[in-house]
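The chain contents come next:
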Amino acid sequence: MAAKEEMVAARLAGLTAGPGLSGPRAAARARLAAMGLPGRRDEYWRWTDPAALNAVTPAPATAAAEDEAPLFDALDRLKIVFVDGVFDAAASDDLALSGVEIARIADKIPGWAEALYGTLEAAGQDPVKRPFAALNTAQATDGVLIRVTAAAAKPINLIYVHKSELSDPILHHLVQLEPGAELTLLETGPAGARFNKVMEVDLAAGARFHHIRAQGPDSERRAVTHVFARVAEKALFKSFTVTVNGALTRNEAVIDIIGNDAVAHVAGAALGDGATGAFLHDDTVFVTHAGLRCESRQVFKKVLKHGAIGTFQGKILVKPGAQKTDGYQISQSLLLDDDSQFLAKPELEIYADDVKCSHGSTTGAIDETALFYLRSRGVPEEEAKGLLVLSFLADAIDEIEDAGLKEEIVARLETWLSRHRD
Amino acid sequence: MTQEQEIREGVDRETVETVQNMGSYKYGWETEIEMEYAPKGISEDIVRLISAKNDEPDWMLDWRLEAYRRWVEMEMPDWALLKLPEIDYQDLYYYARPKSMVEKPKSLDEVDPKLLATYEKLGIPLKEQLILAGVEGAENIDLSNRQVAVDAVFDSVSVGTTFKEKLAEAGVIFCSISEAIKEHPELVKQYLGTVVPQTDNFFATLNCAVFSDGSFVYVPPGTRCPMELSTYFRINAENTGQFERTLIICDKGAYVSYLEGCTAPKRDTAQLHAAVVEIVILEDAEVKYSTVQNWFPGDEEGKGGIYNFVTKRADCRGARAKVMWTQVETGSAITWKYPSCILRGDESQGEFYSIAIANNYQQADTGTKMVHLGKNTRSRIVSKGISAGQAQNTYRGLVSMHPRAKNSRNYTQCDSLLIGDKCGAHTVPYIEVKNNSSRVEHEATTSKVDDDQLFYCRARGVGEEEAVALVVNGFCREVLQALPMEFAMEAQSLVAISLEGSVG
């Protein structure tokens, strides 16, 4: 027991928390002290070794050469840039947008943010402990606080730049959508050598939130991220993540559907090539249904080769009384060679009888017949494989509603795929 | 609801009573018989006493003591989706045998008539000429080819084994494990604990220390066992745990089909059952293991019932070895059971077909593990879970494709059915794939009894409960079809009985 507390104390010792929020930060510190840091014996860490995240200092990670045009560059968007977790005012746009109030933790914390900060994270600790999220709430140095009162005039893009080999940023964002408000939030870039990020998303009735995130292409970086969302009546939550490279990426999504007739979709596409460094990608997703007639979808696809490891731990929890729930979950991996691994735990926990819930999980190699078909029509092998990989990922990518954004993600995936041909 | 029902024209009182009685547990009666108990609680002395009662050689006692010493250091697992009550392991009897069994009867003719009557009443007559009586529909079956040999276990001891001589003619050894330890020590020593090691888990380790009896089967190379073998477990004594151990060895090219049944009296206090089944399957051999588990499930308020913690595992050691587990789990207050397949031999195959029904306050956490180690191995899982009342039913399974298990396949289908809004149905599969020539597919669905199907039945004059039973039987069809015939019929009616009172 004492060892557990010592580990937590040592982990926190080198960190300096950002300003304000002393109440929720102290509460989060207490939560973390009580649960301790995770180990391989914890059920939800059985396949992902948390040692690199537990370590007091991050392992050095070189930033990838900036030889790609920034994602979404042509799009009219509001940019908020963090370099190794530090706000870059010069590179960022003016934080003013019609229908939106934007602030930062390190600058000035509005009242609504004081009230929300840490609450969804705290609620999301039950029944599964998420120690790195509590650590984040306690220690975050900065973060963007976004309150949307109408339809946002344009998307907000959080851009994370990685420069320093030993950067260890901890950012905590809050997003609150008032009834009927709309926002598209983009997140791009590798952020740092070891990135810990929490985003709490509170959607009021009828609000619509689209989240599109691209992680990569740094190979040595590590990241542990959490999205905690509370979805009220008739609200829509949609989140899509594409991940390329990364020694360790743990993306947790904790979605609480509390209102009736709400919709929540979480999707992910990951490309892992062990030839450019270790690759471990872990999606841990919990969707809880408490409302009537709600719909949820989890669509996760991974393409793995050269010793890459992909894991998926997903759950649909239907609470008593959450009748007419339509819950769907699919996790699939394409193993491009014999060294890679896919580990999955797709769970259903259901306490209501009038529901339709299903999940599927498949793992296998590229379809030789399809490959042969393309080859016989003159498509070169590597190109044919690329096509099949993209078609494998299509179900996940289709979760992006905006055609323009989807196109840009597909184009970037094609570039990344072409870089990882054998 | 049945009590209030008025008697309609053309329905006599007897029919109404029969229907009313259907919902109750049929095997809840008790045999009044003088018993001999070991003192309450567990200790090294108790382990020694059990070993002495079975007149065991030293190596067996040492093995038990080693297990006991490990067990003392272990903690009860808590990962299952079960609300486990505190179990006081010092507050139960680990050994109970009928006094009439102290001097072991030399043949079935010498067995205490009360014991024989018990099995007769359970529909398992221990007479070789009349094997299938009590099984519904048996009168319509041509019995000439359907003999089943039975090993009957009553609390801590095996009462008797039928057809031993006839089986011996074919070279098949079928006896109680206590007898095998004495008569065939070389086989027992070679295989015992090699599939489920002493260290396996809390309940298996406990079983290693205190198992009192169970069945032993050895089928020699190239032999097709001339009849189905079965073990019938009966718990009778109060506050007594049953810890039986079954060891089945199917040698090269051999085949055996094995059936297992279990029941216990209705009591207010819960009782512990912690069994281990080990199956060794060599090259080209095949074992079918079918269970109808009908331990007392506890009453409508969740009082009493059997806590069933069972470790069952089959090891396909040779190439092309094949195992098929079929289980119908309707009884027990708590079920914790994962019959598993180790597919070690190349081209070996494992299959798991399961129906788990939980009604009232029953809790079931059951499933399988398919561990693919050899090349070209195949496995198939079909699980049907049904929850009603306040019950919780969980499918928990593992499919693991090791790097060496090239070109292997798994297909898993888990379906859950919910009857009523106070129960729960859960699916917890683990999938680990470590090579890319293998293909793993997992599908699961959860739904409720289809209203259209119910309406269809009701419109044709089928009563509500009967209609539900019909729909549920349809839902379970794939598994029922995998059962041996006599079990399939019993299982079908059990499915209906287990769900009595869950509708309306």
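In this text the structure is predicted, and so the values were computed from the model without any measurement. (Residues numbered from 1 in each chain as written. Chains lettered and ligands numbered in written order. Predicted model: local features only at pLDDT ≥ 70, side-chain atom pairs only at ≥ 80, totals over all residues.)

1. Quick word on the overall build of chain B
Looking only at helices and strands, one finds twelve helices and 23 strands in chain B. For chain B, whose C-alpha radius of gyration is 22 Å, the value lies close to the compact-globule estimate of 23 Å for 504 residues. Counting only C-alpha atoms, chain B reaches 70 × 60 × 50 Å along its principal axes. Taken over 504 residues, chain B has a buried fraction of 54%. Here the contacts in chain B between residues at least 6 apart in sequence split such that 82% fall between residues at least 24 apart. (Helix = DSSP H or I, 4+ residues; strand = E, 2+ residues; numbered from the N terminus. Rg over C-alpha atoms; globule rule 2.2 N^0.38 Å. Buried ≥ 20, exposed ≤ 12 C-beta atoms within 10 Å, placed from the backbone. Contact = placed C-beta atoms within 7 Å.)

2. Considerations on the interface of chain B and chain A
Taken together, the contact pairs 29 residues of chain B with 32 residues of chain A. The residue inventory of the side of chain B that touches chain A, partitioned by class, reads eleven nonpolar, eleven polar and seven charged. Bridge analysis of strand β19 (residues 341-350) of chain A against strand β22 (residues 424-433) of chain B gives six bridges, and the strand direction is antiparallel. Paired with Leu343 of chain A across the bridge in β22 of chain B is Glu432 of chain B. (Nonpolar A, V, L, I, M, F, W, Y, C, P; charged D, E, K, R; others polar. Pairing = 2+ DSSP bridges.)

3. As for the UniProt feature "domain: SUF system FeS cluster assembly SufBD core" (unreviewed entry) in chain B
Using the residue numbers shown here, the UniProt feature "domain: SUF system FeS cluster assembly SufBD core" (unreviewed entry) corresponds to residues 233-475 of chain B. Helix and strand shares over residues 233-475 of chain B are 9% and 56% respectively, and the end C-alpha atoms of the span are 28 Å apart. (UniProt positions renumbered as here; feature names shortened; annotations may be inferred.)

4. Thoughts on the UniProt feature "domain: SUF system FeS cluster assembly SufBD N-terminal" (unreviewed entry) in chain B
Under the local residue numbering, the UniProt record ascribes the feature "domain: SUF system FeS cluster assembly SufBD N-terminal" (unreviewed entry) to residues 164-224 of chain B. Helix makes up 48% of residues 164-224 of chain B and strand 15%. Its end C-alpha atoms lie 15 Å apart.

5. A closer look at the nonpolar core
The biggest cluster of nonpolar side chains holds 266 residues, and the ones touching the most others in it are Ile255 of chain A together with Cys250, Ile281 and Val287 of chain B. Take this core: its biggest share by element is nine residues, from strand β10 (residues 270-281) of chain B. (Core = buried A, V, L, I, M, F, W, Y, C linked by C-beta atoms within 7 Å.)

6. Quick notes on the environment of Leu336 of chain A
Along the polypeptide, Leu336 of chain A turns up in the loop between β18 (326-335) and β19. For Leu336 of chain A and Ala365 of chain A, which are 29 residues apart along the polypeptide, the C-alpha to C-alpha distance reads 5.9 Å.

7. A look at the packing of helix α2 (residues 44-53) of chain B against helix α3 (residues 58-73) of chain B
All names here are of chain B. Close contact between α2 and α3 brings their axes to 10 Å; oriented N to C, the two are set at 150°. As the angle between them shows, α2 and α3 are arranged roughly antiparallel. Where α2 crosses over α3, the handedness of that crossing is right-handed. Touching Glu44, Val47, Arg48 and Ser51 of α2 are Met60, Leu61, Arg64, Leu65 and Tyr68, all from α3. Its residues assigned to classes, the contact of α2 with α3 shows five nonpolar, one polar and three charged. (Axes fitted to C-alpha atoms, helices over the stretch in contact; angles between N-to-C directions. Parallel < 35°, antiparallel > 145°, perpendicular 65-115°, else oblique. Left-handed = near helix turned anticlockwise from the far one by under 90°.)

8. Re the environment of Thr412 of chain B
Residue and element names in this part refer to chain B. For Thr412, the position within the fold is in strand β21 (residues 409-419). Look at Thr412 and you get buried, because 26 C-beta atoms sit within 10 Å. Placed 188 residues apart in sequence, Thr412 and Arg224 show a C-alpha to C-alpha distance of 30 Å. Residues within four places of Thr412 in sequence aside, it is in contact with Ile381, Gly397, Val399, Pro429, Glu441, His442 and Glu443.

9. Here's the deal with the pairing of β22 of chain B
Residue and element names in this part refer to chain B. Burial of β22 is extensive: ten of the ten residues sit out of reach of the surface. Across the two faces of β22 the burial is the same, with Gly424, His426, Val428, Tyr430 and Glu432 and Ala425, Thr427, Pro429, Ile431 and Val433 all buried. When strand β20 (residues 392-401) meets β22, the two strands line up parallel, connected through ten bridges. Bridging across to β22, Gln392 finds its partner in Gly424.

10. Examining helix α8 (residues 202-210) of chain B
Two residues of an α-helix separated by three or four positions point the same way, owing to the 3.6 residues in each turn. All names here are of chain B. Among the nine residues that make up α8, eight are buried, leaving the element largely enclosed by the rest of the structure. Taken together, the buried positions of α8 are occupied by Phe203, Ala204, Thr205, Leu206, Asn207, Cys208, Ala209 and Val210. Buried residues belonging to α8 abut α2, α3, β8 (245-250), β10 and β12 (305-316).

11. With respect to the confidence of the model for chain B
Should pLDDT be low for a region, the predicted coordinates there are not to be read in detail. All names here are of chain B. Counting all residues, the mean pLDDT for chain B is 86, and 90% of those residues have values of 70 or more. This stretch, residues 1-11, has a pLDDT under 50; its non-local contacts, to residues over four places away or in other chains, come to six contacts. pLDDT under 50 marks residues 18-22. Its contacts with residues more than four places away, or in other chains, come to four contacts. (pLDDT = per-residue confidence, 0-100.)

12. A few points about the environment of Leu116 of chain A
All names here are of chain A. Structurally, Leu116 is set in helix α4 (residues 111-116). Judged by C-beta crowding, with 20 C-beta atoms within 10 Å, Leu116 ranks as buried. With 70 residues separating them along the chain, Leu116 and Leu186 place their C-alpha atoms 21 Å apart. Beyond its immediate sequence surroundings of up to four residues, Leu116 is in contact with Leu174, Gln176, Glu200 and Asp202.

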